Amino acid sequence: MYSAVFEKNAKPVIDGLSAFLAGRTGTALEIGSGTGQHIIAFSQAFPALTWTPSEPDLIHRASIDAWRAHSNAPTSRSISLDAARDWANSPEILAITPLTLILSLNVIHISPIGVLHGILNGAGKTLGPDGFLGFYGPFTENGAHTGDGNAMFDRRLRADNPDWGVRDIDDLRETGAGAGLVFHALLPMPSNNRLLILTKP
Ligand SMILES: C[S@@+](CC[C@H](N)C(=O)[O-])C[C@H]1O[C@@H](n2cnc3c(N)ncnc32)[C@H](O)[C@@H]1O
């Protein structure tokens, strides 16, 4: 599977992550890896980390593993992970914890709010000390969209599925705090997107 937006997103996200990942080793988990293109690029950009892709969707997992075979990248095989469930205690996750990094790109607005909360709660349990959790995508800040394009996108999402929608940074900050995570950084990205970083002290 091929997603054209990958070409637009990958470099800014890699540049944004560089400051946080300098000198870091250990394991990184991506939640909702989609086609698999991002994690291949991440594993090539940051080879000191061992990267595990995950997806609840079988077709996506086949795509991830096909990209992995095609690129010969140092990426682990994809695992099955539904972020709305108690994923932190699955045998595949226990085998790679404590995690240095969890990343989720363009997932939490195209899924029910339980997915955002599941990622935050699972990150609180699986990140090691000073581990990072990163979200990429559109967000509202104090309830306001960061651009007209995002406001229109949000209306389209909610029309498609009332449980979907662009998430607010304050909810992320508060639910993250309840899971033992501290809001660490907001990096502006192209097209009014954001890279948000939380950390586990
Ligand atoms: C818009 S795609 C983004 C894919 C990829 N991260 C990217 O940026 O190209 C949304 C992804 O979220 C995944 N997803 C949906 N519900 C999920 C859940 N409950 N747990 C984990 N991933 C989920 C979908 O399977 C899909 O691959």
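Just above, that's the structure.
Residues numbered from 1 in each chain as written. Predicted model: local features only at pLDDT ≥ 70, side-chain atom pairs only at ≥ 80, totals over all residues. Heavy atoms only, no water.

Okay, the layout of surface pockets next. Take a probe with the size of a water molecule and roll it over the atoms, and the empty space left behind shows itself. Counted as a void, the largest pocket has a volume near 730 Å³. If you go around the largest pocket, you meet 36 residues; those closest to its centre are Leu105, Asn106, Val107, His109 and Ile110. Contributing elements (two or more residues each) for the lining of the largest pocket: helix H1 (5-21), strand S1 (26-31), helix H2 (37-45) and helix H6 (148-160). A class-by-class count of the residues in the lining of the largest pocket yields 14 nonpolar, 17 polar and five charged. (1 Å grid on protein atoms, 1.4 Å probe; cavity = no way out; pocket = protein on both sides within 12 Å on 5 of 7 lines; lining within 4 Å. Points joined across faces, edges and corners; volume = space filled by probe spheres on them. Helix = DSSP H or I, 4+ residues; strand = E, 2+ residues; numbered from the N terminus. Nonpolar A, V, L, I, M, F, W, Y, C, P; charged D, E, K, R; others polar.)

Below, the discussion takes up the site of the ligand. The immediate surroundings of the ligand are formed by 15 residues, with Gly32, Glu55, Asp82, Ala83 and Leu105 found nearest. One of the backbone nitrogen or oxygen atoms of Gly32 is found 2.7 Å away from a nitrogen atom of the ligand. Within the backbone of Ala83, one N or O atom sits 2.9 Å away from a nitrogen atom of the ligand. Assessed atom by atom at 2 Å from the grid points, the ligand resides in the largest pocket. Its residues assigned to classes, the shell around the ligand shows seven nonpolar, six polar and two charged. (Near = heavy atom within 4 Å. Polar contact = N/O pair within 3.5 Å; in protein donor to acceptor, adjacent residues only side chain to side chain. Sits in = over half its atoms within 2 Å of the grid points.)

Mapped onto the elements of the fold, Asn9 is located in helix H1. Overall, Asn9 belongs to the buried group, its relative accessible area being 4%. Dropping the residues within four chain positions of it, Asn9 is found in contact with His38, Asn106 and Tyr136. (Buried < 20%, exposed > 50% of the residue type's maximum accessible area, 1.4 Å probe, protein only. Contact = heavy atoms within 4.5 Å.)

Once that is clear, we can look at the pattern of salt bridges. One pass over the structure, following the stated rule, counts seven salt bridges. As a salt-bridge pair, Asp15 and Lys11 come within 2.7 Å of each other at their nearest N and O atoms. Placement of the pair is Asp15 and Lys11 together in helix H1, with a separation of four residues, close to one helical turn. You can call Asp15 partly exposed: its relative accessible area is 44%. In this structure, the salt-bridge partner of Arg158 is Asp154, at a minimum N-O distance of 2.9 Å. Placement of both Arg158 and Asp154 in helix H6 is noted, with a separation of four residues, approximately one turn of the helix. Among the residues examined, Arg158 registers a relative accessible area of 38% and is labelled partly exposed. (Salt bridge = Lys/Arg side-chain N within 4 Å of Asp/Glu carboxyl O.)

Further remarks concern the side chain of Asn193. Tracing the sequence through the fold places Asn193 in strand S10 (residues 193-200). Within the structure, Asn193 has its side chain in polar contact with the side chain of Tyr136 (distance 3.2 Å). The contacts of Asn193, once residues within four sequence positions are left out, are Tyr136, Gly137, Pro138, Leu187 and Pro188.

Counting residues in each nonpolar core, the largest one holds 27 residues, and the members touching the most others are Leu29, Leu133, Phe135 and Leu172. Elements with a minimum of two residues in this core: S1, strand S4 (99-105), helix H5 (113-126), strand S5 (127-137), helix H7 (169-178) and S10. Here the element with the most residues in this core is H5; it accounts for five residues. In terms of nonpolar packing, the next biggest core, distinct from the first, is built from 24 residues, Ala10, Leu17, Ala41 and Leu101 among them. (Core = buried A, V, L, I, M, F, W, Y, C linked by side-chain atoms within 4.5 Å.)

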